[in-house]
Amino acid sequence: MTKKFLALLIMLAVFMTSSIALAAFEETIEEDANLGTVKKIAVAYPNYYKTEDTEPEIYDFAKDIYNAGRFTSSREIVSYEDVAASIRRDTGIDIYSLDVLEAEKIYKQNINRYADTYVITTVTNNSKRPWLFFYVYNSTDGKLMYTYSIQSNVLDKTAKDYGKAAEDFFKQFDTTAKRNLSKEERRELEEKQKAARIYKRHVEKVTYKTGKDKLDMVRKK
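Residues numbered from 1 in each chain as written. Predicted model: local features only at pLDDT ≥ 70, side-chain atom pairs only at ≥ 80, totals over all residues. Heavy atoms only, no water.

Peer 1: I'm lost on helix α3 (residues 80–91) in this one. Help?
Peer 2: Taking 1.5 Å as the rise per residue, α3 with twelve residues should run 16 Å; its terminal C-alpha atoms sit 16 Å apart, in good agreement. Along α3, the positions that sit buried rather than exposed are Tyr80, Val83, Ala84, Ser86 and Ile87. An end-on view of α3 places all buried positions within 165° of arc, on one side of the element. In this structure, the buried residues of α3 make contact with β2 (40–43), α2 (58–72), β3 (76–78) and α4 (100–110). At the C-terminal side of α3, glycine 92 shows a positive phi close to 85°. (Helix = DSSP H or I, 4+ residues; strand = E, 2+ residues; numbered from the N terminus. Expected span 1.5 Å × (residues − 1). Buried < 20%, exposed > 50% of the residue type's maximum accessible area, 1.4 Å probe, protein only. Arc of directions from axis to C-beta. Contact = heavy atoms within 4.5 Å.)

Peer 1: How should the packing of aromatic side chains be read in this particular structure?
Peer 2: Remark: the centre distance and the inter-plane angle together describe each pair of aromatic rings, the angle taken between the planes. Under the criterion given, the structure shown has 20 aromatic pairs. Seen from their ring centres, phenylalanine 134 and tyrosine 148 are 6.1 Å apart, and the 55° between their planes marks the pair as tilted. Linking phenylalanine 134 in strand β5 (residues 131–138) with tyrosine 148 in strand β6 (residues 144–150), this pair joins segments that are 14 residues apart in sequence. With a relative accessible area of 2%, tyrosine 148 lands in the buried category. Among the aromatic side chains, those forming a connected cluster through ring pairs are Phe25, Phe134, Tyr146, Tyr148, Phe169, Phe170 and Phe173. (Phe/Tyr/Trp six-rings, centres within 6.5 Å; stacked < 30°, edge-to-face > 60°.)

Peer 1: Would you mind showing me how to read the nonpolar core here?
Peer 2: Across soluble globular proteins, you tend to see nonpolar side chains buried next to one another. Formed by 28 residues in total, the largest nonpolar core has its most connected members in Leu132, Phe134, Tyr146, Phe169 and Phe173. For this core, the secondary-structure elements that each account for two or more residues are β2, α2, β4 (117–124), β5, β6 and α5 (159–177). Considering every element that reaches this core, the biggest residue donor is α5, with seven residues. (Core = buried A, V, L, I, M, F, W, Y, C linked by side-chain atoms within 4.5 Å.)

Next up, the structure:
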């Protein structure tokens, strides 16, 4: 009887631990949204306001989201900087010189030239633990396709944790998108994910050995 009771307690503990882990994030796929067709995701200007010294500045945060995608996603990820440069080249408009609302308007008007979707990250950080939301939109019609949110007792208001949350978003997006893919498409997707992981390990190895900024080292090659 004692052994059975102990086994029951262990099973209950495992279940509770798993439930807590699963409750850390939620995702929603909008009706008629086919995530399997997404090839390129652009990082839009985040909906975020820094409240703690440990948090990144907003442009650094946008770069962290981009880098998280580069290192984990099988899709092509386009940075906010690259989109801004392309808009300036093609229209003559420098969105960095505009206020946030006008820049967002110009961004949405032009983003379909450079990516089929874009992600807007919203951070609710007015309490002890931050809550991050990642909204993926169709760049052609601006319709919401997918929402991922994450909040956890181990998620702090730091650049490192925000970057980890972004990595989790890109990983989960890939996992969810795979559900409607064919066997061949899944195989190709898994190969791209593997290549992204290898690239990340290579960059981290360069950083460890040289002590120099990993992105700058890669750009110079």
